[in-house]
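Here's the letter readout for the chains.
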Amino acid sequence: METIWNENELIYQENDEMIANLGFRHFSPSSLYVIERVWVKDDQSLKIKLIQDFIQHFKANDLQIIPLWPEALEFFNHHPEFNSYLAKPLHSI
């Protein structure tokens with residue numbers, strides 16, 4: 001599986017075919033990122049991997065994430081170890 005980072009998305013490809021995608025928006029110069037969408041072709045477990053890879057790639061002390069995509073919000077509800085990366089008003093969800 002190949003990982004591709006563009007300005008506003010993380011893409012997984014296999015054999016030159018997109019199999020998963022996470023779209024985000026960065027509000028610079030801050031460390032605020034909004035997860036706008038996640039799509040997977042078949043393997044639903046890639047949704048979790050996409051979010052984890054996204055966090056690891058932009059990991060910083062002041063990284064703040066707003067999960068607009070409902071399943072991203074569910075991810076944070078099920079993985080409280082990543083809640084410190086939620087934007088401060090969302091930190092207590």
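Residues numbered from 1 in each chain as written. Predicted model: local features only at pLDDT ≥ 70, side-chain atom pairs only at ≥ 80, totals over all residues. Heavy atoms only, no water.

Section: the confidence of the model for the protein chain
The predicted structure's coordinates, where accompanied by low pLDDT, should not be read in detail. A residue-level look at the protein chain finds 95% of positions with pLDDT of 70 or above and a mean pLDDT of 88. Considering each helix and strand of the protein chain separately, the mean pLDDT is smallest for helix H2 (residues 70-78), with a value of 88, and largest for strand S2 (residues 9-14), with 96. (pLDDT = per-residue confidence, 0-100. Helix = DSSP H or I, 4+ residues; strand = E, 2+ residues; numbered from the N terminus.)

A few points about the sheet that holds strand S5 (residues 64-67)
Strand order in the open sheet made by the five strands is S1-S2-S3-S4-S5, with mixed pairing throughout. Two strands in the sheet have a free side with no partner beyond their single neighbour: strand S1 (2-5) and S5. Neighbour-to-neighbour, the strand axes of the sheet open up by a mean angle of 25°, direction not taken into account. When strand S4 (residues 32-40) meets S5, the two strands line up parallel, connected through four bridges. Residue pairing for S5: Leu32 is matched across the bridge by Gln64. (Pairing = 2+ DSSP bridges. Axes fitted to C-alpha atoms, helices over the stretch in contact; angles between N-to-C directions.)

Topic: the packing of aromatic side chains
Using the criterion set out here, one finds 10 aromatic pairs in the structure. Measuring from ring centre to ring centre gives 5.1 Å for Phe24 and Phe54, while their planes differ by 55°; the resulting arrangement is tilted. Of the two residues, Phe24 is situated in strand S3 (residues 17-27) and Phe54 in helix H1 (residues 46-57); the sequence distance between them amounts to 30 residues. Judged by relative accessible area, Phe24 falls into the buried class, the value being 2%. Aromatic rings pair up to connect Trp5, Phe24, Tyr33, Phe54 and Phe58 into one cluster. (Phe/Tyr/Trp six-rings, centres within 6.5 Å; stacked < 30°, edge-to-face > 60°. Buried < 20%, exposed > 50% of the residue type's maximum accessible area, 1.4 Å probe, protein only.)

Thoughts on the pattern of salt bridges
Enumeration according to the criterion identifies six salt bridges in this entry. Of the charged contacts in the structure, one is a salt bridge between Glu17 and Lys41, with a shortest N-O distance of 2.2 Å. Highlighted residues: Glu17 in strand S3 and Lys41 in the loop between S4 and H1, separated in sequence by 24 residues. Two residues, Arg25 and Glu36, come together in a salt bridge whose shortest N-O distance is 3.0 Å. Note that Arg25 is positioned in strand S3 and Glu36 in strand S4, a separation of 11 residues in sequence. A network of salt bridges, in which partner residues are shared, links Glu9, Arg25, Glu36 and Arg37. (Salt bridge = Lys/Arg side-chain N within 4 Å of Asp/Glu carboxyl O.)

Description of unusual backbone geometry
For the bond running from Ser28 to Pro29, omega is 10°, close enough to zero to count as cis. Secondary-structure assignment places Pro29 in the loop between S3 and S4. For Asn15, which is not glycine, the phi dihedral falls at a positive 50°. By relative accessible area, Asn15 is classed as exposed at 79%. Phi angles above zero are rare outside glycine, and Asp16 is one such case at about 60°. Looking at the secondary structure, you find Asp16 in the loop between S2 and S3.

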